[in-house]
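# Notes for the structure review
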Amino acid sequence: MEKSRPLWDNPLQFVFACISYAVGLGNVWRFPYLCQMYGGGGFLIPYLIMLIAEGMPLLYLELAVGQRMRQGSIGAWKIISPYLCGVGVASVVVSFFLSMYYNVINAWAFWYLFHSFQDPLPWATCPLNSNRTGYEEECEKTSSTQYFWYRQTLNISPSLEASGSVQWEQALCLTLAWLVVYLCILRGTASTGKVVYVTASLPYCVLIIYLIRGLTLHGAVNGLIYMFTPKLEQLSNPKTWISAATQIFFSLGLGFGSLIAFASYNEPTNNCQRHAIIVSLINSTTSIFASIVTFSIYGFKATFNYESCINKVILLLLNAFDLEEGSVTADNLNEMKDYLMATYPQEYAQLAPQIKNCSLEAELDTAVQGTGLAFIVYSEAIKNMEVPQLYSVLYFFMLLMLGIGSMLGNTAAILTPLTDSRAIASRFPKEVISGVVCFVNCIIGLIFTMEAGNYWFDIFNDYAATLSLLLIVLVETIAVCYIYGIRRFEKDLYTMIGCKPNWYWKTMWAFVSPLLIISLFIFYLTDYILTGTLQYQAWDATQGQLVTKDYPGYALAVIGLLVAASTMCIPLGALVTFIRKRLKRERISTVA
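None of these values were measured; they are calculated from a predicted model. (Residues numbered from 1 in each chain as written. Predicted model: local features only at pLDDT ≥ 70, side-chain atom pairs only at ≥ 80, totals over all residues. Heavy atoms only, no water.)

## Quick notes on the state of the cysteines
- Summed over the entire model, instances satisfying the criterion amount to two disulfides.
- Two residues share a disulfide in this structure: C309 and C358, whose sulfurs sit 1.9 Å from each other. Between C309 and C358, the S-S torsion sits near -75°, and that sign places the bridge as left-handed. Linking C309 in helix α14 (residues 272-320) with C358 in the loop between α16 (345-351) and α17 (360-365), this pair joins segments that are 49 residues apart in sequence.
- Of the residues examined, C309 reaches a relative accessible area of 14% and is grouped as buried.
- Going through the protein chain in sequence order and numbering each bonded cysteine, the pairs you get are 1-2, 3-4. (Disulfide = S-S within 2.5 Å. Helix = DSSP H or I, 4+ residues; strand = E, 2+ residues; numbered from the N terminus. Buried < 20%, exposed > 50% of the residue type's maximum accessible area, 1.4 Å probe, protein only.)

See below:
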């Protein structure tokens, strides 16, 4: 079986596959948000410490396990100990949950990409109402980019309870996204190995183009100053360190089984230690690089909004007090406001509610992550650029490449254990197994294309993986160090790469990384408990903004099932193995 196992064409192909999987949407839409929230450039200090203490060691461990055992997650942990078969099953379950909703992001990217060829861009201005006498009321209360996202893309319902119907345009985009993924994974490493060259390299080309364009935008320097100005007081905030550890953990894709699956197709003598260092450093460098691009865009958007606000206030004052054009400028605005307030107190008091307090700092402080950053903030900035169609096509094509690259890893985590199973692989060809997995995911994924689909997306995104992955990786490190034995693992590594791991790797595996994971697990568990009733952000069309609502009872039940479905696999797997062994011993003793 081992001789017939497919292999990567060369080590570079494996590295590209890992980069394509690890470097994903989180690098673009989560890391910049964390920088913004937790101290700008100062956030890099805990981030790099967590990379050394947690990211590199755990990535190396997973790659080494996959390469040594030459199996997917279920088979690999079963070889280490039969009682650990549930760990692999838990990884497959989490990857299945992730695949169900993650490809919806690619569907949205396709939707925006198709609309990027229009002139003007459909989110550039508000659409006219049915009477064509003005703009849509909902759009006037918010912005054209938010209206396009919430109404024309999602057609979002006012709450989770109002599920609505499937949006056929989004359903078609989701079908297309799954068709593309299926074609990429059709022949396993033979097809995936070629695709990763594109999905891993093209996003960098687009980011470089955006960097050059971003740095030339008016106000870009304001965003970069904001990013690189360290707020060192945030280092005393425990959430800063928790966020840094969490970002490293999830950005590298630990615990899903994808890295174990990819490494299982390596030559047994591949230098997985070197590749773990390369992949983790490239992943973190990409996050910082993407942040520079994002903050240059932030600076442009914030400056544009700030100057627009100033110009509106100036126009309001000129018209209200019949002032000479040019008498009020951005430089003397505050002095003129004080003068008008002293000279015309009654008139100014009546006008005061309409005079906005324009602040560049406040604009830059507006922290947005996830879909809000990817599909609203970036769209807002793109529409104000020259040749917006070009930059829109480039941006959403980049999102698509990042999303598809991550999906290759997600599906590999599911398919590798299935194709490793003799019972399944002997009955069905690889193409059929891949097709069934994609089809089932696509059908279930239609839930996320309903009017309430975005709320279900948030539930899966927030709760399907967090606690489960922490538990999975904790058991993995304990299993390798204390069940399989770190000395035995040392010998395996020496056989594979020709050198034993030094004190750094062994210390991190045996003590530091497990303690960090336990700390994260306790933090998230207590956070969920202390939060009380879980809440979500719902779109209120009458106000044109998000409002906070409590999750209904059935949604809380689904959240509980999502967490339990994967975490319970670990003790159940051990229990089933124990019962089987007990029954086997009893049969043997009966025969004897």
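## Brief notes about the side chain of H115
- The topology assignment puts H115 in helix α6 (residues 85-115).
- A relative accessible area of 15% places H115 in the buried class.
- Polar side-chain contacts of H115 include one of 2.8 Å to the backbone oxygen of W111.
- Excluding residues within four positions of it along the chain, H115 makes contact with L121, P122, W123 and F148. (Polar contact = N/O pair within 3.5 Å; in protein donor to acceptor, adjacent residues only side chain to side chain. Contact = heavy atoms within 4.5 Å.)

## A few points about the UniProt feature "binding site: Na(+)" (unreviewed entry) in the protein chain
- The positions that UniProt labels "binding site: Na(+)" (unreviewed entry) are, in the present scheme, A22, V23, N27, S251, N283, L402 and S406. The largest pairwise C-alpha distance within this set of annotated residues, which runs over 385 residues, is 12.7 Å, so the set is compact in three dimensions.
- By the secondary structure assignment, V23 is in the loop between α1 (11-22) and α2 (25-29).
- Residues contacting V23, with those up to four places away along its chain left out, are Y204, N283, T286, L402 and S406.
- The contacts of N283, once residues within four sequence positions are left out, are A22, V23, N27, Y47, S251 and L252. (UniProt positions renumbered as here; feature names shortened; annotations may be inferred.)

## Section: the pairing of strand β1 (residues 535-540)
- As judged from the six bridges shared by β1 and strand β2 (residues 545-550), these two strands associate in the antiparallel manner. Looking at β2, one finds that D540 is bridged to Q545.
- Here β1 folds back onto β2, and the loop between the two strands holds four residues, one of which, G544, carries a positive phi near 70°. (Pairing = 2+ DSSP bridges.)

## A closer look at unusual backbone geometry
- Omega for the bond connecting D119 with P120 falls within 30 degrees of zero, at 0°, which places this linkage in the cis form.
- Position of P120 among the secondary structure elements: in the loop between α6 and α7 (137-141).
- A positive phi angle, close to 45°, is found at N155, a residue other than glycine.
- With respect to the helices, strands and loops of the structure, N155 is situated in the loop between α8 (144-153) and α9 (168-185).
- Of note in this structure, V387 is not a glycine but carries a positive phi near 50°.
- With respect to the element layout, V387 can be found in the loop between α18 (370-383) and α19 (388-420).
- You can call V387 exposed: its relative accessible area is 52%.

## Some points on the side chain of S284
- Its place among the elements puts S284 in helix α14.
- Accessibility expressed as a relative area gives 3% for S284, which makes it buried.
- Dropping the residues within four chain positions of it, S284 is found in contact with Y47, L51 and I248.

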